[in-house]
Amino acid sequence: MENKICLELDTQNKVEVFFHGATITSWVCDGKEKIFLSSKSVFDNKKAIRGGIPIVFPNFGPWEKGPQHGFARIKRWSLKDSMRKIDDKLRVVLFLKDDEETRALWNYNFELEYEIILGVKTLETNLIVKNIGTDEFDFTALLHTYLKVDDIGKVSINDLKGLNYIDKVKNGISETESREAITIDQEFDRIYKSTNDTISINSGDEILTMTKNNLPDIVIWNPWIEKSKKMSDFDDEEYKRMICVEAGRVSTKLILKSNEKITLAQKIQV
C-alpha cells in the first residue's frame, strides 16, 4: 500500500503528500523547500505528522468528543482523481468519507475532497466539505501550514494591523493588533479574526503571499523555547526555523445543511 504521492513539475518544483491525514510534507519551489517538517516527526500512520500542512476538521483545538484538532489529520485518505497535468499545473484530489470510527466520535455523514494544485511558484490547497447526510452539522476547520524559514528573528507577517485577535498564550484574552508587521520573539499563539483574503509573509529572504477564500481567520503559532522542549516530535531548536501561518474558520463554527457544500481555499505564491 502506497504511503504518499509525489507531484513533480520538474526536479526544481514538486510536492509530496501523505495519504495519512492528506498531509503535504514538502513543497519544493525553484529548488528550495518552503514547508517545515520536524526532524522528529513520527510516521506511524497513527500520530499526526509534525509539520507540513495538516488538515484540521471537524474541530480546531481541544475536543471533548475526540482527538485535538479532529480526526481528518490522522485518518488515511483515498485517491479520488489521479494526478494529471492541466496547462502548466499538476492536480490531484484526495477524499475522506465518514466511517464507523468517525461516526462513533461525530455522528454525521460527510465527505471531504482535498484538491492540491502545484503550479510554477504556487501551491493551491482547496478543501471541499460536503454534508451528504440528512442532518445539518457545524464544524471548524483549518489548514495548519508550517512554513520553513532560515531565521525566525527575520520573519514578519503583514496585513493584520487593526484586527482583533485571541491571544492563547495570555489565557485567551482579546486584543487589537497595533503593529504593521508582526515579528516573533517569544511563544506566539494567536487567532486573528476577520482577516483580509490576502496576507503577506516575509520569510527573511523572500515574500510569500497567501490568498484564501472562506477562511476568515489566521492563526499564527511558534512554540518558542520551553514548549519546544515539551514536544517529543519536535526538536528543541526547531522553533528557530519555522512559523505556522494557518488559514482557518475557527473563531465561529460553520453550519452545513443537508446536501450543502463549501470550498475552503488557500493559495501560496512565491
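These figures come from a predicted structure and were not determined experimentally.

J.: Could you clarify how one ought to interpret the environment of glutamate 206 in this entry?
T.: Looking at the element boundaries, glutamate 206 is found in the loop between strand 17 (198–202) and strand 18 (207–213). Distance in space between the C-alpha atoms of glutamate 206 and arginine 50 is 24 Å, their sequence separation being 156 residues. Here glutamate 206 is in contact with Lys34, Ile201 and Val270, once residues within four sequence places are set aside. Reaching out from glutamate 206, the side chain makes a polar contact with the side chain of lysine 34 at a distance of 2.5 Å.

J.: I tried to follow the pattern of salt bridges on my own but got confused; where do I start?
T.: Pairing of side chains with opposite charge becomes possible as their charged atoms draw close. Evaluated as defined, the whole model comprises 26 salt bridges. With a closest N to O distance of 2.7 Å, aspartate 99 and lysine 75 form a salt bridge. A residue pair is termed long-range when its members are at least 10 positions apart, and aspartate 99 in the loop between strand 7 (89–97) and helix 1 (100–105) and lysine 75 in the loop between strand 5 (55–56) and strand 6 (78–86) qualify at 24 residues. The exposure class assigned to lysine 75 is buried, which follows from its relative accessible area of 10%. Two residues, glutamate 124 and lysine 89, come together in a salt bridge whose shortest N-O distance is 3.1 Å. With glutamate 124 in strand 9 (residues 122–131) and lysine 89 in strand 7, this residue pair connects regions lying 35 residues apart in the sequence. For lysine 89, a relative accessible area of 28% corresponds to the partly exposed category.

J.: What exactly am I supposed to notice about the packing of aromatic side chains here?
T.: What characterises a pair of aromatic rings is the spacing of the ring centres plus the angle enclosed by the ring planes. Under the counting rule described, the total for this entry stands at 19 aromatic pairs. Residues phenylalanine 18 and phenylalanine 43 carry aromatic rings whose centres are separated by 5.1 Å and whose planes lie at 35° to one another, so their mutual orientation is tilted. Here phenylalanine 18, found in strand 2 (residues 13–18), pairs with phenylalanine 43, found in the loop between strand 4 (32–33) and strand 5; they are 25 residues apart in sequence, far enough to count as distant. Of the residues examined, phenylalanine 18 reaches a relative accessible area of 12% and is grouped as buried. Among the residues examined, phenylalanine 43 registers a relative accessible area of 42% and is labelled partly exposed. Here the aromatic cluster, defined as three or more aromatic residues joined through ring pairs, consists of Phe57, Trp63, Phe71, Trp106, Tyr108, Phe110, Phe137 and Phe139.

Quick notes on the rules
Residues numbered from 1 in each chain as written. Predicted model: local features only at pLDDT ≥ 70, side-chain atom pairs only at ≥ 80, totals over all residues. Heavy atoms only, no water. Helix = DSSP H or I, 4+ residues; strand = E, 2+ residues; numbered from the N terminus. Contact = heavy atoms within 4.5 Å. Polar contact = N/O pair within 3.5 Å; in protein donor to acceptor, adjacent residues only side chain to side chain. Salt bridge = Lys/Arg side-chain N within 4 Å of Asp/Glu carboxyl O. Buried < 20%, exposed > 50% of the residue type's maximum accessible area, 1.4 Å probe, protein only. Phe/Tyr/Trp six-rings, centres within 6.5 Å; stacked < 30°, edge-to-face > 60°.

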